[in-house]
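# Survey of secondary and tertiary structure
Single-letter residue listing:
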Amino acid sequence: MRSREIVLKLVGVCRTTKLLTQLHSLTIRTGLRYDTHLAAKLTELYFELLPVQTARKLFDEIPHPSVFTCNRVLQSFCRKKRYEQALSLFSPLFSFEKPDHFTLLFTLKACSALKWLNFGKAIHGLGKKHGNIHSNMFLGSGLIEMYSKCGNMDDALSIFEEYSNPDLVLWTTLVTGYEKNFKPDEALAVFTGMVMAHCIIPDPITLVTVVSACTQLLNLKAGKSVHALVFRMGYESPLPLSNALLNLYAKTGSTFYAGNLFRVMEEKDVISWSCMISCCAHNDAIDRAIRLFDEMIDKGVEPNSVSLISALQACEACCNLDKGRQIHEVALQNGLELDILVSTALIDMYMSCCSPWEAITVFDRMPSKDPVSWFALLCGCVQNGMANKSMQIFCDMIASDIQPDATVMVKILGACSELGVLQLTSCLHNYVIRGGFISNSFVGASLIDCYAKCGCLEEAIKVFESLTDKDVVVWSSMFAGYGIHGQARESIKLFHRMVTDSTVWPNKVTFLSILAACSHAGFVEEGIEFFNIMLNEYQLMPESKHYAIAVDLLGRTGELDKAMCLINQMPSQVGAHVWGALLGACRIHQNAEIGEVAARNLLQLDPDHAGYYILLSNMYADGGKWDDAAELRGSIKERELKKITGQSVVRL
DNA sequence: TTAGGGTTAG
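Residues numbered from 1 in each chain as written. Chains lettered and ligands numbered in written order. Predicted model: local features only at pLDDT ≥ 70, side-chain atom pairs only at ≥ 80, totals over all residues. Heavy atoms only, no water.

## Let's talk about the overall build of chain A
- From N to C terminus, chain A includes 39 helices and 0 strands.
- The principal-axis extents of the C-alpha atoms in chain A amount to approximately 115 × 60 × 60 Å.
- Among the 652 residues that make up chain A, the fraction classed as buried is 48%.
- Total accessible area on chain A stands at roughly 32,800 Å², and carbon and sulfur atoms take up 54% of it. (Helix = DSSP H or I, 4+ residues; strand = E, 2+ residues; numbered from the N terminus. Buried < 20%, exposed > 50% of the residue type's maximum accessible area, 1.4 Å probe, protein only. Areas by Shrake-Rupley, 256 points an atom, 1.4 Å probe, with all protein chains shown as cover.)

Written as structure tokens, this is what we have:
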């Protein structure tokens with residue numbers, strides 16, 4: 001074998017710097033350094049195995065590096081996704097040699113990946129200077145991709161239009177550009193033009209992008225026609241295309257089609273499983289989502305963050321703490337527990353499953369936190385009634401330089417209203433003003449609610465009057481504020497002001513606030529009138545909460561039959577608070593007959609609620625039915641139920 | 001030596 005072939009073979013297997021140094025010396029000694037092919041391979045190795053500076057030095061020693069050699073260096077860096085290094089070598093590599101089409105193509109790849117538009121434009125200019133871009137479709141697709149990835153679809157389209165006979169790849173690059181730039185309508189229009197006007201047959205790569213565009217549009221019909229096209233074309237749908245279709249069905253809530261496709265897929269990867277789990281978790285097939293996750297693990301498919309997150313969401317939806325803990329264990333085993341997305345999903349799951357301290361432990365273990373993870377922690381604590389802890393988290397969050405947004409402010413004001421501490425409300429009020437949140441109507445409404453619940457109605461009114469753009473949320477919170485303070489008259493007056501002085505249209509929450517105000521102040525007639533206004537004048541269907549207040553109002557005047565009649569007319573399921581209101585009224589008016597109906601319904605809805613048993617037993621006692629009362633008290637003991645006792649706090 | 005894509009997401 002000639003020495004050239006031997007050296008080439010050695011270069012092919014060289015993986016160590018020691019051998020590389022020997023080969024380098026050998027090529028110098030044998031004069032093989034002038035061999036273009038060998039020089040290219042060797043240069044690739046310099047940049048692969050040695051520090052960049054050393055590699056550059058050795059490269060500089062090559063007497064006449066060919067364009068081919070320089071291109072190989074660029075290509076090698078692009079393959080390893082070291083794009084910045086590739087671009088930093090562009091000038092040194094091509095200081096003597098003129099770049100060719102290959103050079104431009106590799107460079108454009110790096111520009112696309114880095115989204116370096118100016119560099120990309122310079123390469124475009126260079127291509128034009130060297131002439132015949134139009135004869136080279138490789139360069140065309142590179143340029144379209146570069147402009148697309150930099151978000152410049154107008155320029156991408158201009159490049160495309162320079163080609164009189166674009167091939168499938170050029171068309172696909174343009175379709176993909178539109179899809180990736182969230183212009184799915186344009187993507188589908190270009191695709192349709194390609195198929196209909198230019199009779200170009202798409203391949204699976206084109207179809208993946210087209211399905212993604214349909215998914216963005218939530219256009220199930222168009223997506224299904226692509227699926228039909230795949231069938232008609234007669235080829236087996238490749239995995240990425242099947243996954244794209246699964247994703248379409250998942251996002252459009254088509255669990256049936258997703259399940260059918262998933263069942264017939266011969267090859268499935270973690271993405272297919274993730275799509276299917278996510279589809280079930282988000283479309284009321286919670287148990288199936290959990291079963292799929294277990295099946296995936298049983299089959300030895302390694303979970304990724306997405307499959308874990310979807311499975312955790314399923315646990316969250318059905319409050320399955322045990323399963324959530326098991327999935328946490330799987331995340332730990334796969335080294336994904338501290339992935340920021342997985343950790344946050346764990347926090348959400350633990351918070352929703354009423355285990356806030358486990359959520360807090362996960363948060364404390366996270367090596368880095370972002371605004372979303374802070375938000376999950378804060379909201380979870382508020383949701384779990386940990387108002388003091390929420391306040392502490394809010395302070396820690398600010399100390400960690402995480403800027404709260406309006407939603408966080410609404411949550412923290414909610415916690416503050418629970419604490420009912422006026423000084424805290426004043427501090428948050430200042431923060432709201434300094435942070436520019438006051439223009440947000442939800443924040444404004446929360447602040448009104450907060451002041452009202454802290455017992456400071458005057459401040460609530462001041463905030464209300466200072467808001468220039470009052471929407472229905474703001475008005476409703478002020479009605480409720482008056483209601484909390486027993487000022488139903490003011491609440492009603494303000495309602496009339498809203499109707500006459502503004503264009504704001506009341507909603508169901510508005511009426512809930514007014515009805516609550518009437519109930520609180522004992523304004524029975526007015527309350528019933530508002531219930532009828534809501535239904536007849538504003539055509540708003542009352543919900544269970546509205547019915548509960550109406551029943552309470554009728555109950556106050558002893559009109560228990562009317563209340564019962566109203567309940568029987570309810571179009572939706574009768575909630576616990578409706579029966580609760582009726583039971584309370586029955587006790588006052590000593591109507592054991594209706595009271596028993598109410599209590600039995602209540603206990604059916606919530607058999608572990610000790611308070612309902614006690615109410616009913618008191619009612620029996622009031623009516624002298626001591627045996628019945630004793631029986632109920634007995635069942636409280638038997639079930640080991642305890643009434644949650646009220647607590648008072650005095651803050652000095 | 002060249003080109004178009006990949007689904008999932010707190």
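## Describing the protein's contact with DNA strand B
- Residues in close proximity to DNA strand B total 42 residues, the closest being K109, K180, P240, N247 and I271.
- In DNA strand B, atoms within 4 Å of the protein come from the sugar-phosphate backbone in 40% of cases.
- P240 is positioned with one of its backbone polar atoms (N or O) 3.2 Å from a base nitrogen of DNA strand B.
- Broken down by element, the residue count for the surface near DNA strand B peaks at 6 residues, all from helix α12 (residues 168-180).
- Split by residue class, the surface near DNA strand B holds 17 nonpolar, 15 polar and 10 charged. (Near = heavy atom within 4 Å. Polar contact = N/O pair within 3.5 Å; in protein donor to acceptor, adjacent residues only side chain to side chain. Nonpolar A, V, L, I, M, F, W, Y, C, P; charged D, E, K, R; others polar.)

## Here's the deal with the environment of T510
- Along the chain, the position of T510 falls in helix α32 (residues 508-521).
- In the structure, T510 is positioned 32 residues away from M478 in sequence and 9.6 Å away in space, judged by C-alpha atoms.
- Setting aside residues up to four positions removed in sequence, T510 forms contacts with V472, S476, F479, F495 and M498. (Contact = heavy atoms within 4.5 Å.)

## Brief notes about α32
- For α32, which comprises 14 residues, the first-to-last C-alpha distance of 20 Å matches the rise-based estimate of 20 Å (1.5 Å per residue) to within 8%.
- Between the side-chain oxygen of the N-cap and the backbone nitrogen of V509 there are 3.0 Å, and the N-cap of α32 in question is N507.
- Immediately downstream of α32, the backbone of G522 shows phi near 75°, a positive value. (Expected span 1.5 Å × (residues − 1).)

## Some words on the packing of aromatic side chains
- Within the structure shown, the criterion is met by 17 aromatic pairs.
- Ring geometry for F363 versus W374: centroids 4.9 Å apart, planes at 70°, classification edge-to-face. Taken together, the residues span a long stretch of sequence, with F363 in helix α23 (residues 356-365) and W374 in helix α24 (residues 371-383) at a distance of 11 residues. Of the two residues, F363 and W374, both sit in the buried class.
- Through a chain of ring-to-ring contacts, three or more aromatic side chains come together here, namely F464, W475, F479, F495, W505, F511, F530 and Y538.
- The side chain of K80 reaches across the aromatic face of F77, ending 5.8 Å from its centre.
- Residue placement shows K268 over the ring face of F262; its charged tip is 4.8 Å from the ring centre. (Phe/Tyr/Trp six-rings, centres within 6.5 Å; stacked < 30°, edge-to-face > 60°. Lys NZ or Arg CZ within 6 Å of the ring centre and 35° of its normal.)

## Considering helix α11 (residues 153-161)
- Within the sequence span of α11, burial applies to M153, A156, I159 and F160. Down the axis, α11 shows its buried residues gathered within 115° of arc, on one side only. Across α11 from its buried face, at more than 90 degrees, point the exposed residues D154 and E161.
- Looking at the buried residues of α11, the elements they touch are α9 (117-129), α10 (137-149) and α12. (Arc of directions from axis to C-beta.)

## Quick word on a nonpolar patch on the surface
- A contiguous nonpolar patch, built from I6, L10 and V13 and spanning about 240 Å² of accessible area, is present on the exposed surface.
- Within the fold, I6 resides in helix α1 (residues 3-13). (Patch = residues over 30% accessible without salt bridge, like charges linked within 9 Å, V, L, I, M, F, W, Y side chains within 5 Å. Salt bridge = Lys/Arg side-chain N within 4 Å of Asp/Glu carboxyl O.)

## Side note on the packing of helix α14 (residues 204-216) against helix α16 (residues 239-251)
- Orientation of α14 relative to α16, taken along the N-to-C sense of each, is 10°, at an axis distance of 9 Å. Relative to α16, the element α14 is oriented roughly parallel. Facing α14, whose interface residues are P204, L207, V208, V211, C214 and T215, α16 presents P240, L241, A244, L245, N247, L248 and K251.
- The residue makeup of the contact of α14 with α16, split by class, is 10 nonpolar, 2 polar and 1 charged. (Axes fitted to C-alpha atoms, helices over the stretch in contact; angles between N-to-C directions. Parallel < 35°, antiparallel > 145°, perpendicular 65-115°, else oblique.)

## Notes on the environment of E418
- Relative to the assigned elements, E418 resides in helix α26 (residues 406-419).
- In sequence terms E418 and V382 are 36 residues apart; their C-alpha atoms lie 9.4 Å from each other.
- Those residues in contact with E418, other than ones at most four positions away along the chain, are G385 and A387.

## Description of the packing of helix α36 (residues 576-588) against helix α37 (residues 592-605)
- Contact geometry of α36 with α37 gives a least axis separation of 8 Å together with a crossing angle of 150°. Between α36 and α37, the interaxial angle falls into the category roughly antiparallel. Considering how the two elements wind past one another, α36 and α37 form a crossing that is left-handed. Each of A576, W579, G580, L582, L583 and C586 in α36 lies in contact with α37, whose residues at this interface are I594, G595, V597, A598, A599, N601, L602 and L605.
- Partitioning the contact of α36 with α37 into residue classes produces 11 nonpolar, 3 polar and no charged. (Left-handed = near helix turned anticlockwise from the far one by under 90°.)

## A word on the UniProt feature "repeat: PPR" (unreviewed entry) in chain A
- Using the residue numbers shown here, the UniProt feature "repeat: PPR" (unreviewed entry) corresponds to residues 269-303, 370-404 and 440-474.
- Annotated as residues 269-303, this span is 74% helix and 0% strand, and its ends, taken at the C-alpha atoms, are 10 Å apart. (UniProt positions renumbered as here; feature names shortened; annotations may be inferred.)

## Here we look at the pattern of salt bridges
- All chains considered together, the criterion is met by 20 salt bridges.
- For R4, the salt bridge is made with D35, and the minimal N-O distance between the two is 2.2 Å. In this pair, R4 sits in helix α1 while D35 sits in the loop between α2 (17-30) and α3 (36-49), placing the two residues 31 residues apart along the sequence.
- One salt bridge connects K149 with E145, and the closest N-O pair in it is separated by 2.7 Å. A residue pair is termed a helical-turn pair when its members lie 3 or 4 positions apart in one helix, as K149 and E145 do in helix α10 at 4 residues.
- Owing to a relative accessible area of 40%, K149 belongs among the partly exposed residues under this scheme.
- When salt bridges that share partners are traced, they join R4, E5 and D35 into one network.

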